[in-house]
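# What the coordinates show
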Amino acid sequence: MKVEIYSDVVCPWCYIGHTRFARAVERYRAKGGEVEVEFRPFQLAPDAKSNGELTLTWAAEKFGGAEQAAQMFGRVTGVAAEDGLVLDFDHSIQANTFDAHRLIRLAGEQGKGEEALYALFRAHFTDGLDVGSREVLAGLARELGVRADLDGEDGTAAVKEELAQARAIGVSSVPLFLFEGQFAVSGAQPEDTLLAALEEVAERTGQSPAARAVKAAANGGDACDDEGHCAV
């Protein structure tokens, strides 16, 4: 089964959603299922500047003050902790993520896309690194053993094309999981729901490793939208 995941590396619900989905995939594969995952780019703030501004400062200006920003990030930090993830918004830096998506794309071509994705999540949310900085990205590429000339045009056209495709099919919030190009699950759904979605799609498309159908809740999960607003 092919699953395309649209996400952005500065989206906290994407970090949570990817983590839960990875666990769901492990359980699905243990039952005999087969999954091919492809990472698709999406930019929550395509006009963002990588100038070292703290995410909290950016969010306070965008969403009506420090109190609202703290509320938004406080909840997601707590949820992430339950999934074993550390989100440090006191040091998180707002960034333009276009080059980060180029790195994921180039790493994917070298068999290390998932490693790059999680390295970028940790860099942004835990380590307080500017994932919009080409110097930072080059350092991550070296750590991963990925060849990536981000000062050139490597991956640029492909990422632009995929971003345009995301807009064309109506992606407006992430994470979004697209199964077999036709069944969509939005938001950081619980692990059990994502497993159920895998089984349901497998049943519908004749790929089920089991002889039963499981109904999956498809919408309404926590997400971040294309205005940069994250569920509270």
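What comes next concerns the included structure. Since the model is a prediction, treat every value here as computed from it, not as a measurement.

### Here's the deal with the overall build of the protein
- A count of helices and strands for the protein gives eight helices and six strands.
- Reading the protein from its N terminus to its C terminus gives the helix and strand order β-α-β-α-α-α-α-α-α-β-β-β-α-β.
- A compact globule built from 232 residues would reach a C-alpha radius of gyration of about 17 Å, and the protein, at 17 Å, matches this within 12%.
- Taking the principal axes of the C-alpha coordinates as reference, the protein spans close to 55 × 40 × 35 Å.
- Taken across its 232 residues, the protein has 52% of its residues classed as buried.

### A few points about helix α8 (residues 191–204)
- Compared with the 20 Å implied by 1.5 Å per residue over 14 residues, the 20 Å span of α8 between its first and last C-alpha is a close match.
- Within α8, burial applies to T193, L194, L195, A196, A197, L198, E199, E200, V201 and A202.
- The elements touched by buried residues of α8 are β1 (2–7), α1 (12–30), β4 (176–179) and β5 (183–186).
- The first or second residue beyond α8 is G206, which carries a positive phi of 75 degrees.

### Quick notes on the pattern of salt bridges
- Within this structure, the stated rule accounts for 16 salt bridges.
- Residue R27 is joined to E191 by a salt bridge in which the shortest nitrogen-to-oxygen separation is 2.9 Å. One end of the pair, R27, is in helix α1; the other, E191, is in helix α8, with 164 residues separating them in the sequence.
- Taking relative accessible area as the criterion, R27 reaches 33% and is therefore assigned partly exposed.
- One salt bridge in this structure joins R102 and D99, with 2.8 Å as the shortest N-O distance. Pair noted here: R102 and D99 are both in helix α4 (residues 98–109), with a separation of three residues, about one helical turn.

### Re the layout of surface pockets
- In this model, the largest pocket occupies a volume close to 290 Å³.
- As for the largest pocket, its lining consists of 17 residues, of which F39, I104, R105, G108 and G113 are closest to the centre.
- Looking at the lining of the largest pocket, the elements that each hand over two or more residues are β2 (36–41), α4, α5 (113–125) and α7 (156–168).
- The element that contributes the greatest number of residues to the lining of the largest pocket is α4, accounting for five residues.
- Split by residue class, the lining of the largest pocket holds five nonpolar, five polar and seven charged.

### A few points about the pairing of β2
- Summarising the sheet, β1 and β2 pair through six bridges and their orientation is parallel. Looking at the pairing, E4 lines up with E38 of β2.
- The parallel pair β1 and β2 is bridged by α1, and the resulting crossover is right-handed.

### Overview of the packing of α1 against α8
- Contact geometry for α1 and α8: axes closest at 8 Å, N-to-C directions at 55 degrees. Taken together, the axes of α1 and α8 are oblique relative to one another. Between α1 and α8 lies a crossing of right-handed hand. Here G17, R20, F21, R23, A24, V25, R27 and Y28 of α1 come into contact with α8, specifically with E191, D192, L194, L195, L198, E199 and A202.
- Of the residues assigned to the contact of α1 with α8, the class counts are eight nonpolar, one polar and six charged.

### A short note on the environment of G155
- Residue placement: G155 occurs in the loop between α6 (134–144) and α7.
- With sequence-adjacent residues up to four places away left out, G155 is seen in contact with R102 and L106.

Conventions used here
The numbers attached to residues start from 1 for each chain and follow its sequence in the written order. This being a predicted model, a pLDDT of at least 70 is required before a residue's local features are given, and a value of 80 or more before pairs of side-chain atoms are given or counted; all residues contribute to the totals for chains, interfaces and linings. Side-chain measures here rest on the full set of heavy atoms in the structure, leaving out hydrogens and waters. Runs of H or I in DSSP of at least four residues are treated as helices and runs of E of at least two as strands, each being numbered from the N terminus. Radius of gyration: over C-alpha atoms. The globule rule applied is 2.2 Å multiplied by the number of residues raised to the 0.38 power. Exposure classes here rest on a 1.4 Å probe applied to the protein chains alone. A residue is buried below 20% of its type maximum, exposed above 50%, and partly exposed in between. Helices are assigned an expected span. That span is 1.5 Å times one less than the residue count. By definition, residues are in contact when any of their heavy atoms lie within 4.5 Å. Basic side-chain nitrogens of Lys or Arg form a salt bridge, by our definition, when they fall within 4 Å of a carboxyl oxygen of Asp or Glu. Residues are called lining when one of their atoms sits within 4 Å of a cavity or pocket point, these points coming from a 1 Å grid over the protein atoms alone, where a cavity is a set in which a 1.4 Å probe fits but cannot get out and a pocket is an open set with protein on both sides within 12 Å along at least five of seven lines. Grid points are joined across faces, edges and corners, and a volume is the space filled by probe spheres set on the points. Residue polarity follows a fixed list, in which Ala, Val, Leu, Ile, Met, Phe, Trp, Tyr, Cys and Pro are nonpolar, Asp, Glu, Lys and Arg are charged, and the others, Gly among them, are polar. DSSP-based pairing: two strands are paired if at least 2 bridges between them are found. Crossovers are described as right-handed under a simple rule: with the strands pointing away from the observer, the path leading from the first strand over the helix to the second runs clockwise. Interaxial angles span 0 to 180 degrees and are taken between N-to-C directions of axes, which are lines fitted to C-alpha atoms, for helices over the stretch in contact. Working rule for angles: under 35 degrees goes down as roughly parallel, over 145 as roughly antiparallel, 65 to 115 as roughly perpendicular, anything else as oblique. Here is the rule for handedness: rotate from the far helix to the near one, and if that takes an anticlockwise turn smaller than a right angle the crossing is left-handed, while a clockwise turn gives right-handed.

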